Amino acid sequence: MTSCCHVDVADRHFGSEMAQRDAEAYLKNGVDPLSRALLDLIGEQPIERATLLDIGGGVGVLGRELLGERVDAVTMVDESTAYLAVAREQARGDGTADRYRFIAGDVVAARDEVGCADLATLHRVVCCYPDYRALLDATLATGVRWVALTYPRDRWYVRAGAAFENLRRRFRGNPFRTFVHAEGGITERLEAAGFRRVSDAGTLFWTCELWAAADS
């Protein structure tokens, strides 16, 4: 699947109805458990006044929670224009819109536009991207010192669940697919770039990790 086709598919899948539902859930119930686990890992580290690159940030939960002592400015890159619109509206409501940049599209294609960052978050994003190597390489090219990410565990029951969801989407004419990438491949890519895993958490279905540059 080419980059432009992937963006179009993701933009249609993550539409306005889903974006509004996620925003309402966040406003009503607060941070969901997996997002909280990722935020807790970040909170354990000496990250202060950083620039955040939030890839596939959805309605902007991570940026909204981190702005303040941890993060000074946020660049959100998302393939869903509907999610970006909701995140932009929430930033306006918070009075923090001047601390955001919103980029619609694929972070791999938009690498030059993204610029530099200190901390990158890829929350429930790796599973939406067909080429995790290109995704990680584009992230690391921004010069980040910290990478916080969640992705599905590479287990048979997770792969079975993803295959069922993909089959159901296929019958419904939805070309969007979920990917369960090899955990070892993700680890090797980050280690080869000079990063080390400093903390991790997760569930039966999700891995939650924070990586730091070796000299951080």
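On a predicted model such as this, the values are computed, not experimentally measured, just so you know. (Residues numbered from 1 in each chain as written. Predicted model: local features only at pLDDT ≥ 70, side-chain atom pairs only at ≥ 80, totals over all residues. Heavy atoms only, no water.)

Some thoughts on the side chain of threonine 207
Link 1 in the chain: Inspection of the secondary structure assignment puts threonine 207 in strand E7 (residues 206-213).
Link 2 in the chain: Classification of threonine 207 by relative accessible area gives buried; the value is 4%.
Link 3 in the chain: Engagement of the side chain of threonine 207 in a polar contact is seen with the side chain of arginine 153, the distance being 3.2 Å.
Link 4 in the chain: Residue contacts for threonine 207: discarding those within four places in its chain leaves Leu149, Thr150, Tyr151, Arg153, Glu183 and Ala201. (Helix = DSSP H or I, 4+ residues; strand = E, 2+ residues; numbered from the N terminus. Buried < 20%, exposed > 50% of the residue type's maximum accessible area, 1.4 Å probe, protein only. Polar contact = N/O pair within 3.5 Å; in protein donor to acceptor, adjacent residues only side chain to side chain. Contact = heavy atoms within 4.5 Å.)

Digging into the pairing of strand E6 (residues 195-202)
Link 1 in the chain: Of the strand pairs in this sheet, E6 and E7 are connected by seven bridges, and their pairing is antiparallel. Bridging across to E7, serine 199 finds its partner in leucine 210.
Link 2 in the chain: Between the end of E6 and the start of E7, which pair antiparallel, lie three residues. (Pairing = 2+ DSSP bridges.)

Quick notes on the environment of phenylalanine 14
Link 1 in the chain: Examined against the element boundaries, phenylalanine 14 turns out to sit in the loop between helix H1 (3-13) and helix H2 (16-29).
Link 2 in the chain: Residues phenylalanine 14 and alanine 117, 103 residues apart in the sequence, show an inter-C-alpha distance of 26 Å.
Link 3 in the chain: Beyond its immediate sequence surroundings of up to four residues, phenylalanine 14 is in contact with Ser80, Ala82, Tyr83, Cys128 and Phe176.

So, the packing of H2 against helix H5 (residues 81-94)
Link 1 in the chain: Following both chains from N to C, one finds H2 and H5 inclined at 35°, their axes separated by 8 Å at the closest point. At the point where H2 passes H5, the crossing takes the right-handed sense. Taking contact as the criterion, the partners of Ser16, Met18, Ala19, Gln20, Asp22, Ala23, Tyr26 and Leu27 in H2 are, on H5, Ala82, Tyr83, Val86 and Gln90.
Link 2 in the chain: Along the lines of polarity and charge, the residues of the contact of H2 with H5 split into eight nonpolar, three polar and one charged. (Axes fitted to C-alpha atoms, helices over the stretch in contact; angles between N-to-C directions. Left-handed = near helix turned anticlockwise from the far one by under 90°. Nonpolar A, V, L, I, M, F, W, Y, C, P; charged D, E, K, R; others polar.)

Digging into the packing of aromatic side chains
Link 1 in the chain: Evaluated as defined, the whole model comprises five aromatic pairs.
Link 2 in the chain: When the ring of phenylalanine 14 is compared with that of tyrosine 83, the centres are 5.9 Å apart and the planes differ by 80°; the resulting orientation is edge-to-face. One end of the pair, phenylalanine 14, is in the loop between H1 and H2; the other, tyrosine 83, is in helix H5, and 69 residues separate them in sequence.
Link 3 in the chain: Aromatic side chains tyrosine 100 and phenylalanine 102 sit 5.3 Å apart centroid to centroid with 0° between the ring planes, which places their arrangement in the stacked category. (Phe/Tyr/Trp six-rings, centres within 6.5 Å; stacked < 30°, edge-to-face > 60°.)

A few points about the pairing of strand E5 (residues 146-152)
Link 1 in the chain: Counting buried positions along E5 gives seven out of seven residues, so the element sits mostly inside the fold.
Link 2 in the chain: Of the two faces of E5, the one carrying Trp146, Ala148, Thr150 and Pro152 and the one carrying Val147, Leu149 and Tyr151 are both buried.
Link 3 in the chain: Bridging between strand E4 (residues 119-123) and E5 involves five bridges; their strand directions are parallel. If you follow threonine 121 over to E5, its bridge partner there is alanine 148.
Link 4 in the chain: This β-α-β element, E4 to helix H7 (residues 132-140) to E5, shows right-handed connectivity.
Link 5 in the chain: Summarising the sheet, E5 and E7 pair through seven bridges and their orientation is antiparallel. Residue pairing in the sheet places tryptophan 146 in a bridge with alanine 212 of E7. (Right-handed = clockwise from strand over helix to strand, strands pointing away.)

Focus: the pattern of salt bridges
Link 1 in the chain: Following the criterion strictly, the structure yields twelve salt bridges and no others.
Link 2 in the chain: Its salt-bridge partner being arginine 155, residue glutamate 183 comes within 3.2 Å of it at the nearest N-O pair. One end of the pair, glutamate 183, is in helix H9 (residues 183-192); the other, arginine 155, is in the loop between E5 and helix H8 (156-171), with 28 residues separating them in the sequence.
Link 3 in the chain: Given the relative accessible area of 17%, glutamate 183 is considered buried.
Link 4 in the chain: Judged by relative accessible area, arginine 155 falls into the partly exposed class, the value being 34%.
Link 5 in the chain: Note that arginine 168 is salt-bridged to glutamate 165, the shortest N-O span being 2.7 Å. Of this pair, arginine 168 and glutamate 165 both sit in helix H8, separated by three residues, roughly a single helical turn.
Link 6 in the chain: A single salt-bridge network, built from bridges that share partners, covers Arg36, Asp40 and Glu65. (Salt bridge = Lys/Arg side-chain N within 4 Å of Asp/Glu carboxyl O.)

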